[in-house]
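# Chains, contacts and geometry: an overview
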Amino acid sequence: MKQIDGGLCAPKGFRAGGVWCGIRKKNDKRDLALIVSDRLCTAAGMYTTNKVKAASVLVTREHLASGRCQAVICNSGNANACTGEAGLDAARRMARAAAAALSIDPALVAVGSTGVIGVPLPVEKVEAAMPDLVCSLSADYKGHAAALEAIMTTDTRKKEIALEIELDGKPVRIGAIAKGAGMIHPNMATMLSFITTDAAIAPALLDSALRLAVSRSFNRVTVDGDTSTNDMVVILANGMAENAPIEKDDANYLRFCAALEQVCINLARAIARDGEGATRLVSCTVSGAIDEKNAETLAKAIVGSSLVKAACFGADANWGRILCAMGYSGADFEPETVSVRFRSKAGEVLVCKGGSSIPFSEGLAKAVLSEEEIDILVDFEHAGAASATCWGCDLTYDYVKINGDYRS
């Protein structure tokens, strides 16, 4: 497994592009993206668990029920959520416009939207921009970069990756982009991610691979406790790598799953690091738990705690907040078996052992917690062998500033 350049367009047979169509008030940033495969793809998707779902989620879920797809169109600046039948009509019109321009069936188009909730989508602007959007398509990094820019909202950092693995002597590539910085919480955080691969893989196995990867990546990210209406992860696999089709749970399937999981973890970490107003990426690994579910529940509670996040912002080694979050998580554990360490490029410091305080250097702890990337390491004595890692960020003054005037 190696990281390569090219993003979405690294796999064979994919083109991408993006333009400004006028959904956003200013034309200094693209707001409409298109991703296209030269060949019909096997496809899978995962969506928000919020009961209130955007029109794009409903339409894409309907279209991907067949396990086939060939293109993705996505706008930023408007979520097209809570807009009733007009929103559904707008999402379907987006799919039809892209399909007509590409000469494919509208049912083969996935639709994504992100932005302000409750505002009607000016879909006529999307339709008018289709000629320019199709002309922007290219099979190189330029096309990838244009599509990535077009799906970003309050993001300040790019979230992109491409990996290459070998299956049956054939190079197989996976490329991906994501957006997400606020309204981020586990079980499909507020985010969009579009993934391309030239692997040949059966629809059912692609679906199971995506579910496993998302469960260990995007579903373990939290920024602020809010889960959006528009969350979506879609993967397209066009088979153009010409590997022997993955049709059973064998070594090739496991190798593909491992690469897809790594792609998603990379993007999940990038989303957490770019949390609105954040200054630090906070990773929490719980080890020695009785099972992976317990470990995940505990790690989520820790990175999701507003008090833990605030302590990280202040570089305060207030480990009591960590045990407090563990205690209300609902997970099964014995408090007297807990040890807590903080780690970063500045070093490592043990601050709690056996669930109780121990002497430690406040100066070292301050230095460790002042780095941009912090690890909170929680271990249990004689409990089990399971572990899980979740990702979050610190909670800063700027988070309130950003969300206080989001619509303006």
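Now for a look at the structure at hand. (Residues numbered from 1 in each chain as written. Predicted model: local features only at pLDDT ≥ 70, side-chain atom pairs only at ≥ 80, totals over all residues. Heavy atoms only, no water.)

### Side note on the side chain of Ser344
Mapping Ser344 onto the fold places it in strand S11 (residues 338-344). You can call Ser344 buried: its relative accessible area is 12%. Excluding residues that lie within four positions of it along the chain, Ser344 makes contacts with Ala367, Val368, Glu371 and Glu373. (Helix = DSSP H or I, 4+ residues; strand = E, 2+ residues; numbered from the N terminus. Buried < 20%, exposed > 50% of the residue type's maximum accessible area, 1.4 Å probe, protein only. Contact = heavy atoms within 4.5 Å.)

### Some points on the pattern of salt bridges
Under the counting rule described, the total for this entry stands at 22 salt bridges. For Arg216, the salt bridge identified is with Glu261, shortest N-O distance 3.5 Å. A residue pair is termed long-range when its members are at least 10 positions apart, and Arg216 in the loop between helix H5 (203-215) and strand S9 (232-237) and Glu261 in helix H6 (residues 251-273) qualify at 45 residues. Given the relative accessible area of 28%, Arg216 is considered partly exposed. Look at the salt bridges and you will find they share partners, linking Arg216, Arg220, Glu261, Glu292, Glu296 and Lys300 into a network. (Salt bridge = Lys/Arg side-chain N within 4 Å of Asp/Glu carboxyl O.)

### Quick look at a negative patch on the surface
On the surface, Asp291, Asp332, Glu334 and Glu336 cluster together into a patch of negative charge. Relative to the helices and strands, Glu336 resides in the loop between helix H9 (320-328) and S11. (Patch = residues over 30% accessible without salt bridge, like charges linked within 9 Å, V, L, I, M, F, W, Y side chains within 5 Å. Areas by Shrake-Rupley, 256 points an atom, 1.4 Å probe, with all protein chains shown as cover. Lys, Arg positive; Asp, Glu negative; His and termini not counted. Charge placed at Lys NZ, Arg CZ, Asp CG, Glu CD.)

### Description of the nonpolar core
The tendency in soluble globular proteins is for nonpolar side chains to be buried as a group. Formed by 41 residues in total, the largest nonpolar core has its most connected members in Ile195, Ile201, Leu210, Phe218, Ile235, Phe256 and Leu260. Counting only elements with at least two residues in this core, the list comes to strand S3 (32-47), strand S6 (160-167), strand S7 (170-179), H5, S9 and H6. Residue contributions to this core peak at 12 residues, all from H6. Membership of the second largest hydrophobic core comes to 36 residues, among which are Ala301, Trp319, Leu323 and Ala325. (Core = buried A, V, L, I, M, F, W, Y, C linked by side-chain atoms within 4.5 Å.)

### Observations concerning the pairing of S9
For S9, a buried count of six out of six residues is recorded, marking the element as mostly surrounded by other parts of the structure. Side chains Met232, Val234 and Leu236 of S9 all project onto a buried face; the interleaved residues Val233, Ile235 and Ala237 project onto the opposite face, where all are buried too. As paired elements, S3 and S9 share six bridges and run antiparallel to each other. Looking across to S9, one finds that Tyr47 is bridged to Met232. For strand S8 (residues 192-197) and S9, the ladder comprises six bridges, and the chain directions are parallel. By the bridge assignment, Thr196 is partnered in S9 with Leu236. (Pairing = 2+ DSSP bridges.)

### As for the packing of helix H1 (residues 55-63) against helix H2 (residues 84-102)
When two helices pack together, their arrangement is given by the angle between the helix axes and by the axis-to-axis distance. As a packed pair, H1 and H2 sit with axes 8 Å apart at the nearest point and diverge in direction by 55°. Here H1 is positioned oblique relative to H2, judged by the angle of their axes. As H1 runs across H2, the sense of the crossing is right-handed. Residue-level inspection shows Ala55, Ser56, Leu58, Val59, Glu62 and His63 of H1 in contact with H2, the latter providing Gly87, Leu88, Ala91, Arg92 and Ala95. (Axes fitted to C-alpha atoms, helices over the stretch in contact; angles between N-to-C directions. Parallel < 35°, antiparallel > 145°, perpendicular 65-115°, else oblique. Left-handed = near helix turned anticlockwise from the far one by under 90°.)

### As for the sheet that holds strand S13 (residues 356-357)
Pairing is mixed in the open sheet, where six strands are placed in the order S13-S12-S11-S14-S10-S15. A single partner strand is all that each edge strand has here, and the edge strands are S13 and strand S15 (386-393). Note that strand S10 (residues 281-289) and S15 share eight bridges and pair antiparallel. Of the residues in S15, the one forming a bridge with Leu281 is Cys393. Helix-sheet contacts for H6 involve S10, strand S14 (373-380) and S15, and the interaxial angle to S15 is about 40°. In the packing of helix H7 (residues 292-304) onto the sheet, the strands contacted are S10, S14 and S15, and the crossing angle to S15 comes to about 20°.

### Describing the packing of aromatic side chains
Scanning the model with the defined rule gives one aromatic pair in all. Here the aromatic rings of Phe333 and Phe380 are separated by 5.9 Å at their centres, their planes lie at 55°, and the arrangement is tilted. Of this pair, Phe333 sits in the loop between H9 and S11 while Phe380 sits in strand S14; the two residues are 47 residues apart in sequence, bridging distant segments of the chain. The exposure class assigned to Phe380 is buried, which follows from its relative accessible area of 11%. (Phe/Tyr/Trp six-rings, centres within 6.5 Å; stacked < 30°, edge-to-face > 60°.)

### Some words on the environment of Thr229
The residue Thr229 is located in the loop between H5 and S9 in this model. Judged by relative accessible area, which is 5%, Thr229 ranks as buried. Separated by 74 residues in the primary sequence, Thr229 and Asp155 place their C-alpha atoms 18 Å from one another. The residues contacting Thr229, other than those within four sequence positions of it, are Thr48, Asn50, Val52, Lys53, Ala54, Val57, Ala81 and Ile117.

### Describing the pairing of S10
Most of S10 is tucked away: seven of the nine residues are buried. Sheet topology places S10 next to S14; seven bridges connect them, and they run parallel. Paired with Ser287 across the bridge in S14 is Asp379.

### Some thoughts on the state of the cysteines
Enumeration over the complete set of coordinates arrives at zero disulfides. With no disulfide of its own, Cys69 lies 6.9 Å from the sulfur of Cys41, the closest cysteine sulfur. Between Cys257, a free cysteine, and Cys264, which holds the nearest cysteine sulfur, the sulfur-to-sulfur gap is 11 Å. (Disulfide = S-S within 2.5 Å.)

### Some points on H1
The complete set of buried residues in H1 reads Ala55, Ser56, Val57, Val59, Thr60 and His63. If you follow the buried residues of H1, they end up packed against S3, strand S4 (68-78), H2, strand S5 (109-116) and S9.

### A few points about helix H3 (residues 123-135)
In this model, H3 (13 residues) spans 19 Å end to end at C-alpha, consistent with the 18 Å of a helix rising 1.5 Å per residue. At Ala129, H3 is deflected by roughly 50°, the largest bend along its length, and proline Pro131 occurs up to four residues later in sequence. Residues of H3 that are buried: Val123, Val126, Ala129, Met130 and Leu133. On its buried side, H3 packs onto strand S2 (14-19), S3, S4 and H2. (Expected span 1.5 Å × (residues − 1). Bend = angle between axes of the 7 residues up to and from the residue.)

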